[in-house]
Amino acid sequence: MHDIRLIRDNPEAFDAGLARRFLPPQADEILRLDRKRREAVSRQQEAETERNALSKQIGQAKAKGDEDEFNRLRSEVDRLKGVLEESGEEAAKFDEALNQHLAGLPNIPMDDVPVGEDEDANEEVRGWGEPKAFDFEPRDHVDLGERLGQLDFEGAAAMSGARFAVLRGGLARLERALAQFMLDLHTGEHGFTEVSPPYMVRDEAMYGTGQLPKFAEDSFHTDNGYWLIPTSEVPLTNLFREAIHKEADFPARLTAFTPCFRSEAGSAGRDTRGLIRMHQFHKVEMVCVTRPEDSEAELERMTNCAEEVLRQLELPYRVMLLSSGDMGFGARKTYDLEVWLPSQKTYREISSCSNCGDFQARRMNARFRRDGEKKPEFLHTLNGSGVAVGRAMLAVMENHQNADGSITIPDVLRPYMGGLEVLGA
């Protein structure tokens, strides 16, 4: 959500920020709705003040026995009651229209975000590792998993349809090992607190993090009013909603391993093979909540935490600064981590770390009060994949495969795999 006061003070800057998202000017319409709302509120307040004054005069007229004045004043109070109801309804109507308009607009990019309509304008910030030179033609993860008899798309499709998979045996354990490794790394070395949150949330939680109202079709909704979480960013960030927190509580760093559910609306034909784009997948998420002045440094820290996962798994990757047109709806600035996939001979996204500024906090009314200050301020929120477990698994499979179709387990995962060094049939 955007700060209406900033839009009033500098509408040109607001429209310039939206222009970097390739959106038309919005400030004039926003200010029109704001003006209509404030005019209605002003009429309501004036009528309330006048009615209160007349109520005193009614008492005085009644005490004097002045029947004519009493009736005149009562008639005027009845008229003001109608004004109050009408102006109140009008204020509510324009308030709702203004909030709906603001809720549909994305966050404003930070100044150092490259301007571009899509991923072609993303900028590579740094890279790590060199893609392995295989002395055989590397297989993709689907071929590897099916040859092992441990990756089953047909069985999943028979019960659930497309974009689901069943893992068996060593691959099922590898997925669990990856999640445990990531959680231990983030909690033991990166200062995150592990949380086990709900997997279903209500409308207001989805609204708070920006999934609603604009992206309802991207998520799954139950027939009794709940949403399946698209990522644990939703419940973790909403832990701070509708409250004023102490300054000493921040930065707050939380991590969770959960299933994630996405309808993938509009993705027909994209990544239909394998585990890259699924309706259900697992992810270790990182959420940080900070004071405003700390959020930029926290984004760099969070991104490095995600990078450390890939470095310890010995997976070549690169860090991309996303363009204004490729960023998510609620982000001010985003780094994507892209891991090398030998079968595709390219890098693919495995983590996305974003600074949302106060955009989500305003939607959730999540605030803090500085020590010694009276007026509370909105917090800044950040989120990042730490990382997507399914994509990490397929990257491990492809980058650490052997000519016979077996998979060498990275050293850091072996304690979680019972000491297993090679995953074979």
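Before reading further, recall that the structure is shown in the block above.
As the structure is a prediction and not an experimental result, all values here were calculated from the model. (Residues numbered from 1 in each chain as written. Predicted model: local features only at pLDDT ≥ 70, side-chain atom pairs only at ≥ 80, totals over all residues. Heavy atoms only, no water.)

Enquirer: Sorry if this is basic, but what is going on with the nonpolar core here?
Expert: One recurring pattern in soluble globular proteins: nonpolar side chains tend to sit buried together. Ranked by size, the top nonpolar core spans 52 residues in total, and within it Leu174, Leu178, Met182 and Leu313 carry the most contacts. With nine residues, helix 7 (residues 169-188) is the single largest residue contributor to this core. Judged by nonpolar contacts, the second largest core, of 14 residues, contains Ala252, Leu254, Ala361 and Leu379. (Core = buried A, V, L, I, M, F, W, Y, C linked by side-chain atoms within 4.5 Å. Buried < 20%, exposed > 50% of the residue type's maximum accessible area, 1.4 Å probe, protein only. Helix = DSSP H or I, 4+ residues; strand = E, 2+ residues; numbered from the N terminus.)

Enquirer: Hey, could you run me through the packing of aromatic side chains in this one?
Expert: The way to describe two aromatic rings as a pair is by their centre distance and the angle between their planes. Tallied over the full model, the rule gives seven aromatic pairs. Relative to Phe329, the ring of Phe215 has its centre 5.2 Å away and its plane inclined at 75°; by these criteria the two rings are edge-to-face. Taken together, the residues Phe215 in the loop between helix 8 (203-209) and strand 6 (227-228) and Phe329 in the loop between strand 10 (317-321) and strand 11 (333-341) connect sequence positions 114 residues apart. For Phe215, a relative accessible area of 27% gives the class partly exposed. Aromatic side chains Trp340 and Tyr347 sit 5.1 Å apart centroid to centroid with 65° between the ring planes, which places their arrangement in the edge-to-face category. For Trp340, a relative accessible area of 15% translates into the label buried. (Phe/Tyr/Trp six-rings, centres within 6.5 Å; stacked < 30°, edge-to-face > 60°.)

Enquirer: I keep staring at the side chain of Glu298 and nothing clicks. Help me out?
Expert: Along the chain, the position of Glu298 falls in helix 10 (residues 295-312). When its relative accessible area of 5% is taken as the criterion, Glu298 is described as buried. Those residues in contact with Glu298 that lie beyond four places of it in its chain are Pro251, Arg253, Cys288, Thr290 and Leu382. (Contact = heavy atoms within 4.5 Å.)

Enquirer: Just checking my understanding: could you explain the sheet that holds strand 13 (residues 366-369) for this structure?
Expert: Sheet strands line up and pair through hydrogen bonds in the backbone, either parallel or antiparallel. Reading across the sheet, the three strands line up as 7-13-14 and stay open at both edges, with mixed pairing between neighbours. Each edge of the sheet is formed by a strand with only one pairing partner; in this case those strands are strand 7 (243-246) and strand 14 (377-378). Judged from the four bridges that link them, strand 7 and strand 13 form a sheet pairing that is parallel. Of the residues in strand 13, the one forming a bridge with Lys246 is Arg369. (Pairing = 2+ DSSP bridges.)

Enquirer: Would you explain the sheet that holds strand 4 (residues 193-194) in this entry?
Expert: Read across the open sheet, the eight strands follow the order 1-10-11-12-15-9-8-4; overall the sheet is mixed. The open sheet has two edge strands, strand 1 (123-128) and strand 4, and neither has a second partner. Sheet topology places strand 12 (residues 346-355) next to strand 15 (residues 380-388); three bridges connect them, and they run antiparallel. When the sheet's bridge partners are listed, Ser354 is paired in strand 15 with Asn383.

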